[in-house]
Amino acid sequence: MNASLMTNRVRRAGPSDVPAVTALLVDGLSRDPVADWLVPDLAERPDVLHRLLAVEVDHAVEAGYVYVTVDWSAAAVWQRHDLNAERWALSDYHLTRFAGRAVPRFGELHALVRSYRSAAPHHWLSWMAVQPGYGWHVAGALLREHHQVVDQTGDPVYAVVSTLAARDLLATNGYRQDLPLHLPSGPRLWPLCRSARPKPLSR
């Protein structure tokens, strides 16, 4: 079936979906310029990404938000950050155990991303991927679904993306682009923020 004719309806992922969501993200991100920088070895890359993403997806299903389109064309993972929440699902322990030789570069990536993120309560778009053969527009439904959640709380949403297509998708969905970030001898990243939209006071 033509991808453009398939439904883009969205549902929230549960614990039983963690393996499938992880596999979708690994497949989508394995060709990402940042993944290429993080794990240059093509044979090693899928295994490293799978082990690390499985931890983060599992954490987000429990304490954050994970959405998939019902046709499994796209998935997105959000973490909620507030004064009582864990600051980062992938701890130094996970990186040391699962990332192998890529630990130093994961550390550089996390340090760069944390330099952009706010310390105030917010939602963070951790990962978003689209299956090959689909356009990035299919992920727009995932964004709009989660925006309904954050607009109830009045929280802003932050993201850092690695492709122009993802940047443009976020820009058309209400995100403001800030100055690019640069990995050492690596690809450029685009940080974006969707401002808080507090609920109107009831009369």
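Note that the coordinates shown come from a computational prediction; the quantities given were computed from them, not determined experimentally.

Side note on the pattern of salt bridges
- With the rule as written, the count across this model stands at seven salt bridges.
- D151 serves as the salt-bridge partner of R194, at 2.9 Å between the closest nitrogen and oxygen. A residue pair is termed long-range when its members are at least 10 positions apart, and R194 in strand β8 (residues 188–194) and D151 in helix α6 (residues 140–153) qualify at 43 residues.
- Taking relative accessible area as the criterion, R194 reaches 4% and is therefore assigned buried.
- By relative accessible area, D151 is classed as partly exposed at 23%.
- D178 is the salt-bridge partner of R176, the closest N and O atoms lying 3.5 Å from each other.
- On the accessibility criterion, D178 (24% relative accessible area) is partly exposed.

Description of the layout of surface pockets
- Counted as a void, the largest pocket has a volume near 600 Å³.
- For the largest pocket, the lining is made up of 31 residues, of which L29, D32, W127, V160 and S162 are closest to its centre.

Quick look at the environment of A75
- By the secondary structure assignment, A75 is in strand β3 (residues 74–81).
- Residue A75 is classed as buried on the basis of its relative accessible area of 0%.
- A sequence separation of 68 residues divides A75 from L143, and the C-alpha atoms of the two residues are 10.0 Å apart.
- With residues up to four places along the chain from it excluded, the contact list for A75 reads V21, L24, L25, Y67, V68, W127, M128, A129 and L142.

Overview of the environment of L53
- With respect to the secondary-structure elements, L53 resides in helix α3 (residues 45–63).
- Considering only alpha carbons, one finds L53 and W127, 74 residues apart in sequence, at a separation of 9.0 Å.
- If we skip the residues at most four places from it in the chain, L53 touches T22, L25, V26, L29 and W127.

Considering the packing of aromatic side chains
- By the definition in use, this model includes two aromatic pairs.
- The interplanar angle of 75° and the centroid separation of 5.6 Å between the aromatic rings of Y116 and Y158 together place this pair among those described as edge-to-face. Residue Y116 is found in the loop between α5 (103–114) and β4 (122–130), and its partner Y158 is found in strand β5 (residues 157–161); the two are separated by 42 residues along the sequence.

Some words on unusual backbone geometry
- For W72, which is not glycine, the phi dihedral falls at a positive 60°.
- You can see W72 is positioned in the loop between β2 (65–69) and β3.
- Its identity as a non-glycine residue notwithstanding, S185 has a phi of 55°, on the positive side.
- Considering the arrangement of structural elements, one finds S185 in the loop between β7 (181–182) and β8.

Considering the side chain of H123
- Inspection of the secondary structure puts H123 in strand β4.
- At 2.9 Å, the side chain of H123 and the side chain of H146 are in polar contact.
- Excluding residues that lie within four positions of it along the chain, H123 makes contacts with Y65, W78, Q79, R80, H146, V149, V150, D155, P156, V157 and Y158.

A word on the nonpolar core
- Core analysis: the biggest nonpolar cluster contains 22 residues, and W78, L125, M128, A139, L142, L143 and L170 have the highest contact counts within it.
- The set of elements that each furnish at least two residues to this core consists of β2, β3, β4, α6, β5, α7 (164–171) and β8.
- Sequence-distant contacts of M128, defined by excluding residues within four places in its chain, comprise L25, L29, A75, A76, W136, A139, L143, L169 and L170.
- Listed in part, the 21 residues of the second largest apolar core include F98, A99, L109 and Y158.

Criteria and thresholds
Residues numbered from 1 in each chain as written. Predicted model: local features only at pLDDT ≥ 70, side-chain atom pairs only at ≥ 80, totals over all residues. Heavy atoms only, no water. Salt bridge = Lys/Arg side-chain N within 4 Å of Asp/Glu carboxyl O. Helix = DSSP H or I, 4+ residues; strand = E, 2+ residues; numbered from the N terminus. Buried < 20%, exposed > 50% of the residue type's maximum accessible area, 1.4 Å probe, protein only. 1 Å grid on protein atoms, 1.4 Å probe; cavity = no way out; pocket = protein on both sides within 12 Å on 5 of 7 lines; lining within 4 Å. Points joined across faces, edges and corners; volume = space filled by probe spheres on them. Contact = heavy atoms within 4.5 Å. Phe/Tyr/Trp six-rings, centres within 6.5 Å; stacked < 30°, edge-to-face > 60°. Polar contact = N/O pair within 3.5 Å; in protein donor to acceptor, adjacent residues only side chain to side chain. Core = buried A, V, L, I, M, F, W, Y, C linked by side-chain atoms within 4.5 Å.

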